[in-house]
Amino acid sequence: LVQEASELDRQGNLEAALAKAQAAHQLRDASDLIKRLKKKERLKSGSAAELAGDWALAASCYETAANLADGTAEKELYTQKATASRSSALKVFGEQLEAQKDWEGAAKAYTQALALKPDPVLEVRRNELLRKSPSRDPYSKYLEDGDKALAEGVALFSRGDRATAA
């Protein structure tokens, strides 16, 4: 429309050029309005998804809102909400795995959640699961025994699969 208005202006048809320019301006305003309304709809859907505990959907909605944001501060706010929702989704997934006694899987999910959003309580929980995990380092028992002996002031000599206190 802007190009058409320019062409009509060059031809000397000012009334038609002005009408085209006004139509282009209204479309730009409509485009901004549509963008704002889409952002509001995504924020509303994200909030509803949070309330329903659908953290993956909430994160997706907030990411879309961040992409539609007008300013840096607004974009950062919605990005933070998306990150928190992703962290919550991973935490819920970890809880499901933990309920199935998949300690390693739960610990991995919690580790990913912690990478997105630090949580000291979740970190302790993850560490407990790592201790339960059957795929622990085969030498971890020796390390734990050594740490315990050191704390008690006892020398511990380990050879092969045996440990002897002195």
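Residues numbered from 1 in each chain as written. Predicted model: local features only at pLDDT ≥ 70, side-chain atom pairs only at ≥ 80, totals over all residues. Heavy atoms only, no water.

Draft legend 1. Examining the pattern of salt bridges more closely. Here the structure, examined in full by the defined rule, presents 12 salt bridges. Of the charged contacts in the structure, one is a salt bridge between Glu7 and Arg10, with a shortest N-O distance of 3.4 Å. You can see Glu7 and its partner Arg10 sitting in helix α1 (residues 2-10), 3 residues apart, about one turn around the helix. Looking at Glu7, the relative accessible area reads 36%, which means it is partly exposed. Classification of Arg10 as exposed rests on a relative accessible area of 62%. (Salt bridge = Lys/Arg side-chain N within 4 Å of Asp/Glu carboxyl O. Helix = DSSP H or I, 4+ residues; strand = E, 2+ residues; numbered from the N terminus. Buried < 20%, exposed > 50% of the residue type's maximum accessible area, 1.4 Å probe, protein only.)

Draft legend 2. Local environment of the nonpolar core. Formed by Leu90, Leu97, Trp103, Ala106, Ala107, Tyr110, Ala113, Leu114, Leu122 and Leu129, the largest nonpolar core amounts to 10 residues. Elements with a minimum of two residues in this core: α4 (72-99), α5 (103-116) and α6 (120-132). Looking at this core element by element, the count peaks at 6 residues for α5. Once residues lying within four places of it in the same chain are set aside, the contact partners of Leu97 are Asp102, Gly105 and Ala106. (Core = buried A, V, L, I, M, F, W, Y, C linked by side-chain atoms within 4.5 Å. Contact = heavy atoms within 4.5 Å.)

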